[in-house]
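Okay, here's what each chain looks like letter by letter:
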Amino acid sequence: GKTAVGLHRAAFLMYEHRERLSREGVLVVGPNQRFLRYISQVLPSLGEHAVTQLTIDGLADPRRFATSGDSDVAAATKGSIVMVEVLRALARHHINPSAIEAPLGHRVLRLDEPDVADLIDQALRRGGPLNSAREGTRQALAKAMLERRFARHPGERPQADTLRTQLLKSRQYNTIVDKIWPTQSSSQLLRQLYSAGPTRDAVASDVLTDAERASLARPNAPRVDDEPWTSADLVLLAELEHMLN
């Protein structure tokens, strides 16, 4: 009876404050999909339709469902606040500064590794989503390479805008940037954390014990859509998505 009383109360509030709640929306959080199916017709039957229903897992990611479970050790490890540090290290793990050499017409543009590393470091210090920072760095690297070229060939500076556009569209240049700072997705990163022991050790050895790192290990499913995500995984995926995008 508690659920019925609660939903009737929600319907009353939606009636009394229709303008505000139809604008802001109403969220019903249930323990599982079976429960939500059971109550799904109660509010509509009372004349209220501006309702979103989610499970606890759905709050983390409404596009995915938990299809598996964790051991006690794995659940405790994934739920620990230090996992934020692990995920941050994981998201930056594949950013590897190196010297750049890219053709542009009859020119070969170059930038030394220390200069590349400095531009990447500046982007990371500014913070914000990593995939956005990557795009800013792609632009900054192109500008730095051209500035170095113009220092030696000042007569080309009037063509700066044209050359910059050509460089940013260049397949060779973008391939180089992808090697230095690849575009990443939350699911790809988390799959790698679980399946690759060297990656786990590199990003988590400072904050997780050997047993905790071992508890995260599992093989990848053949396809990312088949991955047996757990409830804790959905939260980690949401955190990674926030870091990336």
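It should be noted that the structure appears before, not after, this text.
An account of the accompanying structure is given in this report. No experiment lies behind these values; they were computed from the predicted model shown.

Here's the deal with the nonpolar core
Of all hydrophobic cores here, the largest spans 46 residues; its most connected members are Tyr173, Trp181, Leu190 and Leu193. Here the element with the most residues in this core is helix α9 (residues 130-152); it accounts for seven residues. Discounting chain neighbours no more than four positions away, the residues touching Leu190 are Leu87, Leu90, Trp229, Asp233, Leu236, Leu237 and Leu240.

What to know about the environment of Gly30
Here Gly30 lies in strand β1 (residues 26-30). On a C-alpha basis, the gap between Gly30 and Asp57 in space is 9.6 Å, while along the polypeptide they are 27 residues apart. Setting aside residues up to four positions removed in sequence, Gly30 forms contacts with Phe35, Leu36, Leu54, Thr55 and Ile56.

Things to note about the pairing of strand β3 (residues 100-104)
Successive residues of a regular strand alternate their side chains across the two faces of the sheet. Only one face of β3 is covered, namely the face carrying Ile100, Ala102 and Leu104; the face carrying Glu101 and Pro103 is uncovered. Bridge count between β3 and strand β4 (residues 107-111): five bridges; the pairing is antiparallel. Residue pairing across strands places Ala102 opposite Leu109, the latter belonging to β4. What sits between β3 and β4 in their antiparallel hairpin is a turn of two residues, with Gly105 showing a positive phi close to 65°.

Notes on the packing of helix α12 (residues 186-195) against helix α15 (residues 231-244)
Packing of α12 against α15 brings their axes to within 9 Å, and their N-to-C directions diverge by 125°. As far as their axial angle goes, α15 and α12 are oblique. Crossing handedness for the pair α12 and α15: right-handed. Along the contact surface, α12 presents Ser186, Ser187, Leu189, Leu190 and Tyr194, while α15 presents Asp233, Leu236, Leu237, Leu240, Glu241 and Leu244. Across the contact of α12 with α15, the residue classes break down as seven nonpolar, two polar and two charged.

Examining the side chain of Ser186
As for its position among the elements, Ser186 is in helix α12. For Ser186, a relative accessible area of 4% corresponds to the buried category. At 3.1 Å, the side chain of Ser186 and the side chain of Glu241 are in polar contact. Setting aside chain neighbours within four positions, we find Ser186 in contact with Arg64, Leu237, Leu240, Glu241 and Leu244.

Thoughts on the pattern of salt bridges
Enumeration according to the criterion identifies 17 salt bridges in this entry. Here Glu156 and Arg107 are joined by a salt bridge, their closest N and O atoms 3.1 Å apart. With a gap of 49 residues between them, Glu156 in the loop between α9 and α10 (160-169) and Arg107 in strand β4 connect regions that are remote in the sequence. Each of the two residues, Glu156 as well as Arg107, counts as buried. Note that Arg125 is salt-bridged to Asp121, the shortest N-O span being 2.1 Å. Remark: Asp121 and Arg125 occur in helix α8 (residues 113-126); sequence separation between them is four residues, near one turn of the helix. Since its relative accessible area comes to 58%, Arg125 is described here as exposed. The class of Asp121 is partly exposed, set by a relative accessible area of 36%. Here the residues in one salt-bridge network are Asp70, Lys78, Arg191, Arg218, Glu227 and Asp233, joined through shared partners.

Brief notes about the packing of helix α7 (residues 83-92) against α15
Running from amino to carboxyl end, α7 crosses α15 at an angle of 50°, the nearest separation of the two axes being 10 Å. In terms of axis orientation, α7 runs oblique to α15. Where α7 crosses over α15, the handedness of that crossing is right-handed. Residues Met83, Val84, Leu87, Arg88, Leu90 and Ala91 of α7 lie in contact with α15, whose contacting residues are Leu236, Glu239, Leu240, Met243 and Leu244. Split into classes, the residues belonging to the contact of α7 with α15 amount to nine nonpolar, no polar and two charged.

With respect to α15
Over its 14 residues, α15 extends 20 Å from the first C-alpha to the last, a length consistent with the 20 Å expected when each residue adds 1.5 Å. Asp233, Leu234, Leu236, Leu237, Leu240, Met243 and Leu244 are the residues of α15 that are buried. Buried residues in α15 make contact with α5 (56-60), α6 (72-79), α7, α9 and α12.

The rules behind these values
- Counting from 1, residues in each chain are numbered in the order their sequence is written.
- Since the coordinates come from a predicted model, pLDDT governs what is reported: local features require at least 70, and pairs of side-chain atoms require 80 or more to be given and counted, while whole-chain, interface and lining totals use all residues.
- Water and hydrogen atoms were dropped before computing side-chain values, which therefore reflect all heavy atoms in the structure.
- To define a nonpolar core, start from buried Ala, Val, Leu, Ile, Met, Phe, Trp, Tyr and Cys residues and group those joined through side-chain atoms within 4.5 Å.
- Remark: exposure states derive from per-residue accessible area (1.4 Å probe, protein chains only) relative to the maximum for the residue type, with buried under 20%, exposed over 50%, and partly exposed in between.
- Helix and strand definitions here come from DSSP, where helices need a minimum of 4 consecutive H or I residues and strands a minimum of 2 consecutive E residues; each element is numbered from the N-terminal end.
- The contact rule is simple, with two residues in contact once any of their heavy atoms fall within 4.5 Å.
- Following DSSP output, two strands are said to pair if at least two bridges run between them.
- Simply put, an axis is a line fit to the C-alpha atoms, just over the touching stretch for a helix, and the angle between two N-to-C directions goes from 0 to 180 degrees.
- In these notes the angle categories are as follows: under 35 degrees is roughly parallel, over 145 is roughly antiparallel, 65 to 115 is roughly perpendicular, and the rest is oblique.
- What makes a crossing left-handed is the near helix being turned counterclockwise from the far one by less than a right angle; a clockwise turn instead makes it right-handed.
- All residues other than Ala, Val, Leu, Ile, Met, Phe, Trp, Tyr, Cys, Pro, Asp, Glu, Lys and Arg, Gly among them, are scored as polar; the first ten of these are nonpolar and the last four charged.
- Any N or O atom pair separated by 3.5 Å or less is treated as a polar contact, with the protein-specific requirement of one donor-capable and one acceptor-capable atom, and with residues adjacent in sequence counted only for side-chain atom pairs.
- Think of a salt bridge as a Lys or Arg side-chain nitrogen and an Asp or Glu carboxyl oxygen that are within 4 Å of each other.
- One less than the number of residues in a helix, times 1.5 Å, gives the span that helix is expected to have.

The quantities given are spatial measurements derived from coordinates; they are silent on function.
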